[in-house]
Amino acid sequence: MKPSAPGRPWGLAQVLFLLLAALHTAAAQKNGINIYSLSVDSKVSSRFAHTVVTSRVVNRASVMQEATFQVELPKRAFITNFSMVIGGVTYPGNIKEKAAAQEQYSAAVARGESAGLVKASGRKTEQFQVSVSVAPAAKVTFELVYEELLKRYLGAYELLLKVQPQQLVKHLQMDIHIFEPQGISFLETESTFMTNELADALTVSQNKTKAHIQFKPTLSQQMSPGQQDTVLDGNFIVRYDVHRTVSGGSIQIESGYFVHYFAPEGLPTIPKNVIFVIDKSGSMRGRKIEQTQEALIKILDDLSPNDQFNLVSFSGEAAQWKPLLVPASAENVNQARSYADSIQTQGGTNINDAMLLAVQLLDSANQKELLPEGSVSLIILLTDGDPTMGETNPARIQKNVKEAIDGQYSLFCLGFGFDVSLAFLEKLALDNGGLTRRIYEDSDSTLQLQDFYQEVANPLLTAVTFEYPSNAVEEVSRDNFRLLFKGSEIVVAGKLRDQSPDVLSAKVRGQLHMQNITFQTESRVAEQENEFQNPKYIFHSFMERLWAYLTIQQLLEQMISASDAEKQALETRALSLSLHYSFVTPLTSMVVTKPEGKEWSEVAEKPVETKNKHKNFYLGGPLSRFRTAGDRRSRITAGPSGKTPSDLGRARPQGPLSPPHPHPLMAGKSLLPDMLLAPSILDEVFLGVDLRAGDAPQARVPAVASDPVTRRIWERKASGSSTDLSQSAKTASPPGQLPASLRPGALLVLVSQPALPTLGTTAAVPAAIQAPAVILMLPRQSVARLCVDIKHSQGPMNLLSDPDQGIEVTAQYETEKARFSWIEVTFKNPQLQVRAIPEHVVVTRNRRNFAYKWKETLFSVIPGVKLTMDKAGLLLFSSPDRVTIGLLPWDGPGEGLRLLLRDTHRFSSRVGGTLGQFYQDVLWGPPAAADDSKRMLRVQGLEYSATRLLKLDYQEGSPGTEISCWSVEL
């Protein structure tokens, strides 16, 4: 071993000692709080979901410990109940008017504690958390109940449940019961933690109107391979839809209340006139404007030929693309794409002038009778900041825009990131018959923009009104709506009068493209009441609670755009309903009293979207304080929860071995100087030592040698994957952390830096063995495996298509970089499209995009196909009768996207394409007499020269296996 380089104060032995000490400390951090039972029970009755999360814990330590109960719930949900049972005594949560709970809230703040028990925790979720001290051997039962009305979005309802126990649980069970009287048309499940090993723990049963999904893993199924940690950490999602007809929808009745769902099928789309208003101020510079341009170009391609459109871009001033709206012809769309692609960012933000210019363009076209009769006019605003130029007063901008639009057009606002006031945009949109969405800054921002457009791309009806007999109903929720879009649903609920008729009838009026239309429907009260009798699927008075939930949500929305006089009346009614039905809404708070006494009461409030909310984000877990019991500081999650940074890789709080001050590994500076990490002076790294196993001797794992061409250094991990150390070393570690490859739990191997050749001399550099572009498995042929390299490619390639299998694979290959820039897989039944790029993979179904990052586990069961992705990034599409198609982000030598094909004997005789041709009859010639490593093959009248070469087999992931393979170039 070479001596340490000068100026490197930390020797190998010192580093090993500190790492092992840290591991020993972490291993001892078990505080004895054990979750012995965790159940999630969700009943979905006619779209209304009632979810109960119950966690039972016991303190197995000899001293008092603190247990923390965390649950992530959907943002649209209202908490309705919480209780703790400690020593046989129940401590309930009491819901009060927010002002009445202020005393407890202020007291909690004065104690220096985080008074809010509910925090925003992600795009779609909020986090509820409460902590309590537990005596030795004592048991605690936590129970949280929340409710929500599932919203139809692009043709599907979605129920989201978080599963994050953070430890192995002896009795863990999740049950979802769904009852839909209209009948379930499709049902699919998706999980970000499921694996093939956990598949047996998931059961799905379904008949015409009911479905039961159960997840009940054993302890061994929950366990991470080779570790004692749980693999359960992520989302569990159920998506479904119901059967519909071209009618007035479905009226359902239970316990004296009714709900009317309206989403008729088969209606033609109304032509639209749309103005895209795009912020190009300086703050949009970089990835924001690039993603906006990508999305806008895709949206322009999706315009119907019957649509008209124009573009307005703005910074300090606003400018229009064309003087008038133009038809969405191929020529105009191409010109608009070029304009969008040329947008440059600079200057301030003048929202007022941009909006007035957009309205002026529509007004001018209207006055000149250029807008088609019966068409719908929309304005879509995208901005990432508050107004800074021109009129900057938000209230005056809202007033100006509302007066200009005057109820003629609908305005939809998109707030990009957290530097824009969502409240400002929300009122701007609601004042003008639209809605607002936040676009999160992430790799999928482009998809978020596209998905929003898909929501409003297909208007079906305008001026929709619901009419019911006045002698039959009362207290009806909102009954008039400006627009109905394809894939959405309008919901109206109300109360039946005491002496209502035996049959409830309804009329729904609206306007199609060129005519008025009236839908009529009726429902027999006694028959409907009998539908909802099964207690397994129905919870008590669910439809009354559905009515209350819907009414409160609509009242809160109306308050945003109401005048001061109207707002007070709306708030009074919303508050009254919230208290009566025990909903935690923005107007109420839940006071949770702990056993210590009233002075330990805490308050749960509904989080509200605000500007710069990201500054309060704590990704993963709460910033709660710990109270000390004896010498031990403890924290354990007694239910679904996130992880604080100090909890990563463990779910155990600090125990008695914790140092009184921050550990050197977690201090403000990295333990090792940056010099040690630089590839140019990396002499040696740890020699085959697996620090996870203490002092146990470990077999050495050979590393893939450094690439002599790129000088990249590859680290072989125990999992079989590899890491480019030379790249990771260039990035400084965050303060207080070791570099990823030197942290506890990593398997480090000897990687010697090859000596550089002396100037003036020539060194023989062996060519690194590369992975081919594609490896084809050829069943029932004399050659079982064929390696394909692509040397000549122009434009998208049809790799393979099989009409009998309903599969098509296309791709773009970059010959200069020798890699695929994208691969696209299309299934005909079910209709599904998958597009893979180096950053992520996008699954498109029912016009909706789902983005998944590589190497994040995925397990999705769609009728007709199963999608799975493991932690190596292998994404597989499989079904019993189809060829299995795989996609992989290969990061070994010759890195790039790779395609895998399995079960290829299932290809039909009609398979074709650049790769598909090799699954027809292939005729192999004998090896050449002069060189037996060469031979010819003939397929479909074409001849190819094949050469036997050494290649890396990428199909099992990095670092790959060296194989001898017949190779052809295309």
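Residues numbered from 1 in each chain as written. Predicted model: local features only at pLDDT ≥ 70, side-chain atom pairs only at ≥ 80, totals over all residues. Heavy atoms only, no water.

Section: the overall build of the protein chain
For the protein chain, the helix and strand inventory stands at 14 helices and 52 strands. Across the 970 residues that make up the protein chain, the buried fraction comes to 54%. Taking contacts inside the protein chain between residues at least 6 apart in sequence as the whole, the part at least 24 apart equals 68%. Carbon and sulfur atoms form 51% of the exposed surface of the protein chain, whose accessible area is close to 42500 Å². (Helix = DSSP H or I, 4+ residues; strand = E, 2+ residues; numbered from the N terminus. Buried < 20%, exposed > 50% of the residue type's maximum accessible area, 1.4 Å probe, protein only. Contact = heavy atoms within 4.5 Å. Areas by Shrake-Rupley, 256 points an atom, 1.4 Å probe, with all protein chains shown as cover.)

Topic: helix H4 (residues 287–302)
Between the first and last C-alpha of H4 there are 23 Å, a value that for 16 residues agrees with the 22 Å anticipated at 1.5 Å per step. Against strand S17 (272–279), strand S18 (308–314), helix H5 (330–341), strand S21 (376–383), strand S22 (410–416) and helix H9 (445–456) lie the buried residues of H4. (Expected span 1.5 Å × (residues − 1).)

Topic: the environment of Ser255
By the secondary structure assignment, Ser255 is in the loop between strand S15 (250–254) and strand S16 (257–262). Linking Ser255 and Gln528, residues 273 residues apart in sequence, is a C-alpha distance of 9.8 Å. Side-chain polar atoms of Ser255 contact the side chain of Glu254, separated by 2.8 Å. (Polar contact = N/O pair within 3.5 Å; in protein donor to acceptor, adjacent residues only side chain to side chain.)

Considering the sheet that holds strand S26 (residues 480–485)
The antiparallel open sheet is built from 4 strands, whose spatial order is S26-S24-S28-S29. The sheet is open, and its two edges are formed by S26 and strand S29 (516–524), each paired on a single side. Recorded for the sheet is a direction-independent mean angle of 30 degrees between the axes of neighbouring strands. In the sheet, strand S28 (residues 503–511) pairs with S29 via 9 bridges, with the strands oriented antiparallel. (Pairing = 2+ DSSP bridges. Axes fitted to C-alpha atoms, helices over the stretch in contact; angles between N-to-C directions.)

Quick word on the side chain of Glu126
Relative to the helices and strands, Glu126 resides in strand S7 (residues 125–134). For Glu126, the side chain forms a polar contact with the side chain of Lys606, separated by 3.2 Å. Non-local contacts of Glu126, meaning those with residues more than four positions away in its chain, are made with Val71, Glu72, Leu73, Pro74, Lys75, Val118, Lys119, Ala120, Ser121, Lys606 and Pro607.

Brief notes about the state of the cysteines
According to the stated counting rule, one finds 1 disulfide in the structure shown. Two residues, Cys787 and Cys965, share a disulfide whose sulfurs are 2.1 Å apart. Residues Cys787 and Cys965 are joined by a disulfide whose S-S torsion is about 115 degrees; by sign, that bridge is right-handed. Residue Cys787 is found in strand S37 (residues 785–789), and its partner Cys965 is found in strand S52 (residues 961–969); the two are separated by 178 residues along the sequence. (Disulfide = S-S within 2.5 Å.)

A look at the confidence of the model for the protein chain
Put simply, the protein chain has an average pLDDT of 80, and 78% of its residues get 70 or more. For the protein chain, helix H13 (residues 674–677) is the element with the lowest average pLDDT, namely 30, and S18 is the one with the highest, namely 97. Between residues 1–29, whose pLDDT stays under 50, and residues either more than four places distant or in other chains, the model counts 49 contacts. Predicted confidence is poor over residues 611–765, with pLDDT under 50, and the contacts of this stretch with residues over four places away or in other chains come to 297 contacts. (pLDDT = per-residue confidence, 0-100.)

A closer look at the nonpolar core
Counting 66 residues, the largest nonpolar core has Leu776, Phe820, Leu887 and Phe918 as its most contacted members. Here Phe918 is in contact with Leu776, Leu778, Gln781, Leu786, Leu937, Val939, Tyr944, Val968 and Leu970, once residues within four sequence places are set aside. (Core = buried A, V, L, I, M, F, W, Y, C linked by side-chain atoms within 4.5 Å.)

Looking at the sheet that holds strand S27 (residues 490–496)
Here we have 4 strands laid out as an open sheet, ordered S15-S16-S27-S25, and antiparallel in their pairing. Strands at the two margins of the open sheet, each flanked by one partner only, are S15 and strand S25 (473–474). Across 2 bridges, S25 lies against S27 in antiparallel orientation. Opposite Glu474, over in S27, you have Lys495 as the bridge partner.

Some details on helix H12 (residues 564–580)
Look at H12: 25 Å from first C-alpha to last across 17 residues, which is about the 24 Å you get at 1.5 Å a residue. When H12 is considered as a whole, its buried residues turn out to be Leu570, Ala574, Leu575, Leu577 and Ser578. End-on, the buried residues of H12 take up no more than an arc of 165 degrees, which puts them together on one face. Turned more than 90 degrees from where H12 packs its buried face, Ala565, Ala569 and His580 sit exposed. Summarising the contacts, the buried residues of H12 are in contact with strand S5 (89–97), helix H11 (542–561) and strand S30 (588–594). Ser582 lies just past H12 and shows a positive phi near 55 degrees. (Arc of directions from axis to C-beta.)

As for the packing of H11 against H12
Where H11 contacts H12, the two axes come as close as 9 Å, and the packing angle between them is 155 degrees. If you check the angle between H11 and H12, you find them roughly antiparallel. Crossing angle aside, the handedness with which H11 passes H12 is left-handed. In contact with Trp547, Thr551, Ile552, Leu555, Gln558 and Met559 of H11, H12 contributes Lys567, Leu570, Glu571, Arg573, Ala574, Leu577 and Ser578. Split by residue class, the contact of H11 with H12 holds 7 nonpolar, 3 polar and 3 charged. (Parallel < 35°, antiparallel > 145°, perpendicular 65-115°, else oblique. Left-handed = near helix turned anticlockwise from the far one by under 90°. Nonpolar A, V, L, I, M, F, W, Y, C, P; charged D, E, K, R; others polar.)

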